[in-house]
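Okay, here's what each chain looks like letter by letter:
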There are 2 protein chains.
Amino acid sequence: MAQARRTVDVPSLVAGAREGRSRAVARLISLVEDGHAALPEVMAALAPHGGNTHVIGLTGSPGVGKSTTTAALIAAFRAQDKRVAVLAVDPSSPFSGGALLGDRIRMEQHATDPGVFIRSVASRGHLGGLSFATPQALRVLDAAGFDVVLLETVGVGQSEVEVAARAETTVVIVAPGMGDGVQAAKAGILEIGDVFVVNKADRDGADDTVRDLRHMIQLGNPERSVDWRTPVVRTVASRGDGIPDLVESLVAHRGWLTSSGALADRRRRRARAEIEAIALATLRRRLGDGGGLVTDAVASAVASGDTDVYAAAREVVDRLTGEPGRQ
Amino acid sequence: MAQARRTVDVPSLVAGAREGRSRAVARLISLVEDGHAALPEVMAALAPHGGNTHVIGLTGSPGVGKSTTTAALIAAFRAQDKRVAVLAVDPSSPFSGGALLGDRIRMEQHATDPGVFIRSVASRGHLGGLSFATPQALRVLDAAGFDVVLLETVGVGQSEVEVAARAETTVVIVAPGMGDGVQAAKAGILEIGDVFVVNKADRDGADDTVRDLRHMIQLGNPERSVDWRTPVVRTVASRGDGIPDLVESLVAHRGWLTSSGALADRRRRRARAEIEAIALATLRRRLGDGGGLVTDAVASAVASGDTDVYAAAREVVDRLTGEPGRQ
């Protein structure tokens, strides 16, 4: 990419990451965040490795106990001697940049465990943003041999759904008495949830929330339920209740993904989205600021009404592709 | 665009909109939301008209009184016999789709006034989303001869900043005692605010909030303050206090935009972004699903690690542009 051209010793960073060295992993993720010029070389070196990580997305509105659940899952997977990475993504930056930092601090109980890697990811304003950075950061963690990656996002809408779509198993967490949890499920997260969690299940209304979710799952997604019976797990993550059930559901989903062929489908779909994002970022650079194809003259003509925006866009595309007339 | 090819009588819709008929305006905005096939024809017909609307963006966290302020501004501009449109954009759809509907209902006091047009805009999942729909909806309202367009967004992060960037004058609303308002200002909205409003200024802490904002504006944006002295206006919008001051600041900003040449700059910048968005949507369609350039075979090769994502993207771009080697 176009940014800083500091010299980077890619082979030794990749070797370090594959040996599980945290600093090498962290450095590679920083290159991803920066959209660094060495990324094509990094990704080429990582490509043959990996494919074994289970990427688990955790999503839900603020306040449902997402980071408590994350911490409980870390502990549970560590008890099975699995290496665990947490990738915390905040698609709403710059507005709520503080939240994830707080979560990280709360997870510091794992900070000294070499089998746990915790990292938040921002897109530092470069083209393509998080749709670009998240899958590449996952690729780094996959090649680094983590058994499980917990992909945590802040609950703020469409961009969260996009991030969650990068996971193999997506966990949607709700809490009783938060009408918005169920509302959100209605509004669109139902389709992305492979496993539902009703956290704080010791609170009033937990039974209602579980029943509502089960009902909506039955109504909402007849197609998927043939293959995979979406579970609704009750937890009180703060004291570990229900976490073994949740882990069991996650492992079962991974097993189903593999045996049904759905895993290969999902990976192909993710790869396609990733290729598109990089191709579009490349094309966008050619269109864009400073000597790009959308010149000041073209922009001025549209601003003054001398031409319209579609005609201008068509001309730009034709010049880029050397192929006039197709629209 | 690729969607429904219902027959649309574009010339008569455009003529109707230019005569100020609400139903024609509403229909054109629906075409924009749908990414309708007739849009290039619509935009070509609209291009020569307009350029007179003052587009005012209103942004701020939930609870600061954004819709109350919007309603008060409608009343104030109507008292000056100006025609006013409200375009409410929810970039966080599908999660919080309910909020704007509630705001619209609250604004029903203006629903029977033919000089007021209120409309919420969603992007119905088509390529390009709101970065695509918002400017074109504004173009419809501009050509329809509205004197003022109030562009209202839900406060949920980066996408809101992008929508706000489509306005000529951006108003950032905060309320006393909501630390997040000031935090948000620190985090990134300081740069986009042309006018700041401390609403609910009869509450405790209003003086502190005003002082904090003034301080941050001075520190944060030395470049702009040379030309335009960003005002901080106190309002109690629910009873109309301070609204005349706010209107005066808005009109003053518009005057400054025109006399300084900044208006032409901003319009050119917006036109450029719009051309880019349409060109990218066109290119994306060619890359994408169903016979696109990112074939199943390419996606599978990346998913299996046989090739890497940059190499795949490079190949796709080369095939699209017929121009190998440039990256």
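How each quantity is defined
- Residues numbered from 1 in each chain as written.
- Chains lettered and ligands numbered in written order.
- Predicted model: local features only at pLDDT ≥ 70, side-chain atom pairs only at ≥ 80, totals over all residues.
- Heavy atoms only, no water.
- Helix = DSSP H or I, 4+ residues; strand = E, 2+ residues; numbered from the N terminus.
- Buried < 20%, exposed > 50% of the residue type's maximum accessible area, 1.4 Å probe, protein only.
- Contact = heavy atoms within 4.5 Å.
- Areas by Shrake-Rupley, 256 points an atom, 1.4 Å probe, with all protein chains shown as cover.
- Phe/Tyr/Trp six-rings, centres within 6.5 Å; stacked < 30°, edge-to-face > 60°.
- Lys NZ or Arg CZ within 6 Å of the ring centre and 35° of its normal.
- Pairing = 2+ DSSP bridges.
- Axes fitted to C-alpha atoms, helices over the stretch in contact; angles between N-to-C directions.
- Salt bridge = Lys/Arg side-chain N within 4 Å of Asp/Glu carboxyl O.
- Core = buried A, V, L, I, M, F, W, Y, C linked by side-chain atoms within 4.5 Å.
- Polar contact = N/O pair within 3.5 Å; in protein donor to acceptor, adjacent residues only side chain to side chain.
- Arc of directions from axis to C-beta.
- pLDDT = per-residue confidence, 0-100.
- Expected span 1.5 Å × (residues − 1).
- Parallel < 35°, antiparallel > 145°, perpendicular 65-115°, else oblique.
- Left-handed = near helix turned anticlockwise from the far one by under 90°.
- Nonpolar A, V, L, I, M, F, W, Y, C, P; charged D, E, K, R; others polar.

Chemist: Can you break down the overall build of chain A residue by residue, with the values?
Modeler: Helix and strand counts for chain A come out as 14 helices and 7 strands. Considering chain A as a whole, with its 327 residues, one finds that 56% of them fall into the buried category. Taking all contacts inside chain A whose residues are at least 6 apart in sequence as the whole, residues at least 24 apart take part in 76%. Accessible surface, chain A: about 13400 Å² in total, of which carbon and sulfur atoms supply 49%.

Chemist: Tell me about the packing of aromatic side chains, and please be specific about residues and values.
Modeler: Scanning all chains against the criterion turns up 4 aromatic pairs over all chains. The residue whose ring lies beneath R83(A) is F146(A), and the NZ or CZ to ring-centre distance is 4.3 Å.

Chemist: Let's hear about the sheet that holds strand β5 (residues 169-174) of chain A: which residues, and what values?
Modeler: All names here are of chain A. Spatial strand order, β3-β2-β4-β1-β5-β6-β7: 7 strands in an open sheet with parallel pairing. The open sheet has two edge strands, β3 (116-121) and β7 (232-234), and neither has a second partner. For this sheet the average axis-to-axis angle between neighbouring strands, irrespective of direction, equals 20°. Direction of pairing for strand β6 (residues 195-198) relative to β7: parallel, over a ladder of 3 bridges. Bridged to V197 within β7 is V233. Helix α2 (residues 22-34) rests against β2 (84-89) and β3 of the sheet, and its axis sits at about 15° to β3. Lying over the sheet, helix α11 (residues 243-260) contacts β1 (54-59), β5, β6 and β7, oriented at roughly 150° with respect to β5.

Chemist: Requested: an account of the pattern of salt bridges, with residues and values cited.
Modeler: One pass over the structure, following the stated rule, counts 28 salt bridges over all chains. Ionic pairing is found between R119(B) and E33(B), a salt bridge with its closest N-O pair at 2.9 Å. Pair noted here: R119(B) is in strand β3 (residues 116-121) and E33(B) is in helix α2 (residues 22-34), with a separation of 86 residues, a long-range link. A salt bridge links R239(B) to D241(B), with the shortest nitrogen-to-oxygen separation between them at 2.7 Å. Relative accessible area serves as the criterion here: at 53%, R239(B) is assigned to the exposed category. Ionic contacts of the salt-bridge type, sharing partners, join the residues E168(A), R254(A), R267(A) and R270(A) into one network.

Chemist: An account of the nonpolar core is requested, with residue identities and associated values reported.
Modeler: In this structure, L87(A) and L87(B) are the most contacted members of the largest nonpolar core, which totals 108 residues. Once you skip the residues sitting within four places of it in the chain, L87(A) turns out to touch I29(A), R119(A), V121(A), T134(A), A137(A), L138(A), L141(A), V149(A), L150(A), L151(A) and E152(A).

Chemist: Outline the sheet that holds strand β5 (residues 169-174) of chain B, listing residues and values.
Modeler: Either a parallel or an antiparallel arrangement is found when strands of a sheet pair, and the pairing is made through backbone hydrogen bonds. Residues and elements named next belong to chain B. Here we have 7 strands laid out as an open sheet, ordered β3-β2-β4-β1-β5-β6-β7, and parallel in their pairing. Both outer strands of the open sheet, β3 and β7 (232-234), are each paired with one neighbouring strand and no more. Averaged over all neighbouring strand pairs, the angle between strand axes comes to 20°, with direction disregarded. In terms of strand pairing, strand β1 (residues 54-59) meets β5 through 4 bridges, oriented parallel. Following the sheet pairing, I56 is matched in β5 by T169.

Chemist: Give a detailed account of the pairing of β1(B), specifying residues and quantitative values.
Modeler: Residues and elements named next belong to chain B. For β1, the buried fraction is high: 6 of the 6 residues fall into the buried class. The alternating pattern of β1 places H54, I56 and L58 and V55, G57 and T59 on opposite faces, both of which are buried. Bridge analysis of β1 against strand β4 (residues 148-153) gives 5 bridges, and the strand direction is parallel. In the strand pairing of β4, H54 is matched with V148.

Chemist: Break down the side chain of T235(A) for me, with residues and values.
Modeler: Residue and element names in this part refer to chain A. Tracing the chain through its elements places T235 in the loop between β7 and α11. Residue T235 is classed as buried on the basis of its relative accessible area, which comes to 1%. In terms of polar contacts, T235 uses its side chain to reach the side chain of N199, at 2.9 Å. Setting aside anything within four residues of it in sequence, one finds T235 in contact with V197, V198, N199, K200, A201, D241, G242 and I243.

Chemist: Mind laying out the side chain of N199(B), listing which residues take part and the relevant values?
Modeler: All names here are of chain B. Secondary-structure assignment places N199 in the loop between β6 (195-198) and α9 (206-220). Classification of N199 as buried rests on a relative accessible area of 3%. Polar side-chain contacts of N199 include one of 3.0 Å to the backbone oxygen of V64. Residues in contact with N199, not counting those within four places in the same chain, are V64, G65, T69, I173, V174, A175, P176, T235, V236 and A237.

Chemist: Describe helix α3 (residues 39-46) of chain B, listing the residues and the values that go with them.
Modeler: All buried positions along α3(B) are accounted for by L39(B), P40(B), V42(B), M43(B) and L46(B). Buried residues of α3(B), seen end-on, are gathered within an arc of 160° and therefore sit on one face of the element.

Chemist: Report on unusual backbone geometry, specifying residues and quantitative values.
Modeler: Keep in mind that most residues, glycine aside, have a negative phi and that most peptide bonds are trans. Despite not being glycine, K200(A) has its phi angle at roughly 55°, a positive value. Its location among the elements puts K200(A) in the loop between β6 and α9 (206-220). Phi at D81(B) is positive, roughly 65°, even though this residue is not glycine. Within the secondary structure, D81(B) is located in the loop between α4 (66-79) and β2 (84-89). The exposure class of D81(B) is exposed, given its relative accessible area of 62%.

Chemist: Which residues make up the environment of V64(A), and what values do they have?
Modeler: Residue and element names in this part refer to chain A. Structurally, V64 is set in the loop between β1 and α4 (66-79). The exposure class of V64 is buried, given its relative accessible area of 1%. In this structure the C-alpha to C-alpha distance between V64 and V197, which are 133 residues apart in sequence, comes to 9.8 Å.

Chemist: Lay out the pairing of β5(B) in plain terms, naming residues and giving numbers.
Modeler: Among the 6 residues in β5(B), 6 count as buried, and that is most of the element. Neither face of β5(B) is exposed, since T169(B), V171(B) and I173(B) on one face and T170(B), V172(B) and V174(B) on the opposite face are all buried.

Chemist: Give a description of the confidence of the model for chain A that names residues and reports values.
Modeler: On average, chain A scores 80 in pLDDT, and the residues at 70 or more come to 76%. Note on residues 92-102 of chain A: pLDDT under 50 across the span, and 22 contacts to partners over four residues away in sequence or across chains.

Chemist: Account for helix α12 (residues 262-287) of chain B, with residues named and values stated.
Modeler: In a regular helix each residue adds 1.5 Å, so 26 residues correspond to 38 Å; α12(B) covers 37 Å between its end C-alpha atoms and thus fits that length. In terms of burial, α12(B) is largely enclosed, as 19 of its 26 residues are buried.

Chemist: Account for the packing of helix α1 (residues 10-18) of chain B against α3(B), naming residues and giving values.
Modeler: All names here are of chain B. In contact at an axis separation of 10 Å, α1 and α3 are set at 45° when each is read in the N-to-C sense. Between α1 and α3, the crossing angle belongs to the class labelled oblique. Crossing hand, α1 versus α3: right-handed. Contact with α1, carried on its side by V10, P11 and V14, involves E41, V42, A45 and L46 of α3 and no other residues of that element. Looking at the contact of α1 with α3 residue by residue, the classes come out as 6 nonpolar, no polar and 1 charged.

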